Amino acid sequence: MVRYLLIDDDTAGAADASLYARKLTRSSGGKLEVIAVKPLILAEMLESLRTEKPDGLLLDVALTNAQAGDGAPLGYDGIALAQQVRTLQTRGRTRGDTGLGEFPVVRFSKEGVIHEYVNTDSTSNDLFDEMIDKSELVGDLKQSEDVARRLVSLASDYPKVVSPPE
């Protein structure tokens, strides 16, 4: 079974990250488990990724509702976290360190959030292996099944992409 972590600050109402996680998990036919995780301060978040060793990461772009332990804002958003993950993955490959591990990073946000955070500057798109609009999960079951299938395929094929044959 493929396991993704969904890092999202929405924990209430229709946009609750755990609802998305459950829907994707149920739609996968037993091939995917998505676990909703609240964002932590950056150092703790990265350590959690090292410890959890997910097969993939779903990242919300806006983490505006998340707070550090002292109640202060986190000080980073999903794009900054994706950049840090990519930097550590690249550094790990060049140094032979597999601490963080190799896994796909998927942007998982609503179109309005993308417009607000990304707007016309699409340079952050290169940080993500796939981009999924949360509204894809609002429709019928077929749409959720399609997203779940894409996530499973992405995680399953990721080692082939990262380490092409010599």
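Residues numbered from 1 in each chain as written. Predicted model: local features only at pLDDT ≥ 70, side-chain atom pairs only at ≥ 80, totals over all residues. Heavy atoms only, no water.

Attention now moves to the packing of helix H1 (residues 17-27) against helix H5 (residues 141-162). In the contact formed by H1 and H5, the axes pass within 8 Å of each other and the chain directions differ by 85°. With respect to H5, the axis of H1 lies roughly perpendicular. Of the residues in H5, those touching H1 at Lys23, Leu24 and Ser27 are Leu141, Ser144, Glu145, Val147, Ala148 and Leu151. By residue class, the composition of the contact of H1 with H5 is five nonpolar, two polar and two charged. (Axes fitted to C-alpha atoms, helices over the stretch in contact; angles between N-to-C directions. Helix = DSSP H or I, 4+ residues; strand = E, 2+ residues; numbered from the N terminus. Parallel < 35°, antiparallel > 145°, perpendicular 65-115°, else oblique. Contact = heavy atoms within 4.5 Å. Nonpolar A, V, L, I, M, F, W, Y, C, P; charged D, E, K, R; others polar.)

As a further point, take the confidence of the model for the chain. In this model, the chain carries an average pLDDT of 87, and 92% of its residues clear a pLDDT of 70 or more. Helix H4 (residues 111-117) is the least confidently modelled element of the chain, averaging 76 in pLDDT, while strand E3 (residues 56-59) averages 98, the highest of any element. (pLDDT = per-residue confidence, 0-100.)

Below, the discussion takes up the nonpolar core. Ile7, Leu49, Leu57, Leu59, Leu81, Val85 and Val105 are the most contacted members of the largest nonpolar core, which totals 25 residues. For this core, the element with the most residues is helix H3 (residues 78-95), which contributes five residues. Membership of the second largest hydrophobic core comes to 20 residues, among which are Tyr4, Ala21, Val147 and Leu151. (Core = buried A, V, L, I, M, F, W, Y, C linked by side-chain atoms within 4.5 Å. Buried < 20%, exposed > 50% of the residue type's maximum accessible area, 1.4 Å probe, protein only.)

Overall, the coordinates contain one aromatic pair when judged by the stated rule. Between Tyr20 and Phe108, the ring centres sit 5.5 Å apart and the planes meet at 90°, which makes this aromatic pair edge-to-face. Remark: Phe108 occurs in strand E4 (residues 105-109) and Tyr20 occurs in helix H1; sequence separation between them is 88 residues. Judged by relative accessible area, which is 8%, Tyr20 ranks as buried. What makes Phe108 buried here is its relative accessible area of 0%. (Phe/Tyr/Trp six-rings, centres within 6.5 Å; stacked < 30°, edge-to-face > 60°.)

This part covers the pattern of salt bridges. Summed over all chains, the structure comprises nine salt bridges. The salt bridge partner of Arg3 is Glu52, with a shortest N-O separation of 3.4 Å. Linking Arg3 in strand E1 (residues 2-7) with Glu52 in helix H2 (residues 42-52), this pair joins segments that are 49 residues apart in sequence. Between Arg150 and Glu136 there is a salt bridge whose closest N-O contact spans 2.9 Å. Here Glu136 lies in the loop between strand E5 (130-133) and H5 and Arg150 lies in helix H5, a separation of 14 residues in the sequence. Residue Arg150 is classed as partly exposed on the basis of its relative accessible area, which comes to 24%. Counted as one network, the salt bridges with shared partners bring together Asp8, Asp10, Asp60 and Lys134. (Salt bridge = Lys/Arg side-chain N within 4 Å of Asp/Glu carboxyl O.)

Here the focus is the side chain of Asp133. Examined against the element boundaries, Asp133 turns out to sit in strand E5. Lacking a salt bridge, the buried Asp133 has Lys110 as its closest oppositely charged neighbour, with an N-O distance of 8.2 Å. Reaching out from Asp133, the side chain makes a polar contact with the backbone nitrogen of Ser135 at a distance of 2.9 Å. Apart from the residues within four sequence positions on either side, Asp133 is in contact with Ser109, Lys110 and Glu111. (Lys, Arg positive; Asp, Glu negative; His and termini not counted. Polar contact = N/O pair within 3.5 Å; in protein donor to acceptor, adjacent residues only side chain to side chain.)

Our next topic: the pairing of E1. Here E1 lies mainly inside the structure; six of its six residues are buried. Residues Val2, Tyr4 and Leu6 of E1 are buried on one face, and the alternating residues Arg3, Leu5 and Ile7, pointing to the opposite face, are buried as well. Of the strand pairs in this sheet, E1 and strand E2 (residues 32-37) are connected by six bridges, and their pairing is parallel. If you follow Arg3 over to E2, its bridge partner there is Glu33. With four bridges joining them, E1 and E3 adopt parallel strand pairing. (Pairing = 2+ DSSP bridges.)

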